[in-house]
Amino acid sequence: MSLSLSSVIKLNDQVQMPQLGFGTYKITDLGEMETAINQALKVGYRSFDTAQLYKNERELGTALRKSGYNRQDYLVTSKVDNKNQGYDQTLKAFDQILNDLQMDYIDLFLVHWPLSNTFFDTWKAFERIYEEKRAKAIGVCNFNISHLELLATKANIKPMINQIELHPYLTQPKLVQYLNQENIAIEAWSPLARGKINDEKLLIDLGEKYQKSPTQVTLRWHMQKGHIAIPKSSNPSRIADNINIYDFNLTDGEITSIDQLNQDFRTGPNPDDVYKKNGF
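What counts and how
Residues numbered from 1 in each chain as written. Predicted model: local features only at pLDDT ≥ 70, side-chain atom pairs only at ≥ 80, totals over all residues. Heavy atoms only, no water. Phe/Tyr/Trp six-rings, centres within 6.5 Å; stacked < 30°, edge-to-face > 60°. Helix = DSSP H or I, 4+ residues; strand = E, 2+ residues; numbered from the N terminus. Buried < 20%, exposed > 50% of the residue type's maximum accessible area, 1.4 Å probe, protein only. Lys NZ or Arg CZ within 6 Å of the ring centre and 35° of its normal. Contact = heavy atoms within 4.5 Å. Axes fitted to C-alpha atoms, helices over the stretch in contact; angles between N-to-C directions. Parallel < 35°, antiparallel > 145°, perpendicular 65-115°, else oblique. Pairing = 2+ DSSP bridges.

Engineer: Just give me the short version of the packing of aromatic side chains, but keep the residues and values in it.
Structural biologist: Each aromatic ring pair is specified by the distance between its two centres and by the angle formed by the two planes. This model, assessed by the stated rule, comprises 12 aromatic pairs. Between F119 and Y275, the aromatic rings sit 5.8 Å apart at their centres with planes inclined by 90°, giving edge-to-face as the arrangement. Of this pair, F119 sits in helix α4 (residues 119–131) while Y275 sits in helix α11 (residues 271–277); the two residues are 156 residues apart in sequence, bridging distant segments of the chain. By relative accessible area, which is 6% here, F119 ends up buried. Counting every residue linked through ring pairs, the aromatic cluster contains F22, Y45, F48 and Y74. Above the plane of the ring of Y105 lies R71, whose end atom (NZ or CZ) is 4.2 Å from the centre. Looking at K154, its charged tip hangs above the ring of F120, at a distance of 4.6 Å from the centre.

Engineer: Give me the lowdown on the environment of F48, citing residues and values where you can.
Structural biologist: In this structure, F48 sits in strand β4 (residues 47–49). In this structure F48 comes out as buried when scored by relative accessible area, which is 1%. Sequence-wise, F48 and P159 are 111 residues apart; in three dimensions their C-alpha atoms are separated by 19 Å. In this structure, F48 is in contact with F22, I37, A40, L41, L60, L64, Y74, L75, V76 and T77, ignoring residues within four places of it in sequence.

Engineer: Just give me the short version of the packing of helix α8 (residues 214–225) against helix α10 (residues 252–259), but keep the residues and values in it.
Structural biologist: How two helices sit against one another is set out by the angle between their axes and by the gap between those axes. At a closest axis distance of 11 Å, the pairing of α8 and α10 adopts a crossing angle of 105°. In terms of orientation, α8 and α10 fall into the roughly perpendicular class. Contact with α8, carried on its side by V217, W221, Q224 and K225, involves I255, I258 and D259 of α10 and no other residues of that element.

Engineer: Just give me the short version of the sheet that holds strand β6 (residues 108–111), but keep the residues and values in it.
Structural biologist: Strand order in the open sheet formed by eight strands is β3-β4-β5-β6-β7-β8-β9-β10, and the pairing between neighbours is parallel. The outermost strands of the open sheet, each flanked by one partner alone, are β3 (22–23) and β10 (228–229). The sheet contact formed by β4 and strand β5 (residues 75–80) spans three bridges and is parallel. Opposite D49, over in β5, you have T77 as the bridge partner. Each of β5 and β6 is contacted by helix α3 (residues 87–101), which is oriented at about 140° to β5, the strand it contacts most. The sheet contacts of α4 involve β5, β6 and β7 (138–141), and relative to β7 the element is tilted by about 150°.

Now the structure itself:
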């Protein structure tokens, strides 16, 4: 299986994830999805991220099926919606996900947010799905260290990945260090802080040095930090630009300078709040 231009991160169960994936959040129109997916495949993406919450799994599955690529040539990630968490509910939701994607398996299945009332039951269902080989890898999203340590008290299988909000304005160094120590892969959602990094002078200056955009500099920073990143766009030229980041390297000093842009700024909720409230 060709994983294209992107470098690869090997998860702790040996599944190989392209380091740069394609996010599909907010792409719900089938025509727009087909255009975006065809362009993404054309320029080299082989990993596609969706979720029940996005209400576009059927559109993504249709676009991939019609693309002409074989199922083994790309990876698909999805996530159980908060309202579908719990043991029986998660199993039922997973069946629906496979039906919507029109697939026999998915490559990575994630708990979208930690919820206190269904916390262990949901993961028990995930372990069953993994053992039945209907998901090649399982993991979590938006888990802080406290959530991961709690999960470890009862889990039989360690999460293979934690998808978290991560960008130059939210570097989460303690969580990143913990995940590296535990051999849990780090995947960044909102890797560009929803475009807010594009006006950052340091990133603009580095872009001028390397003849790249602030977006490309930021994605390169993610790659060199060892993160998996899933930028999203439905714009064909931006889709191509986002993957055109393998022809330059930031220096160690430049990576440190970008690290120091951290403001603990979130574009989304704090997972601790979601956990306590059992939702948003």
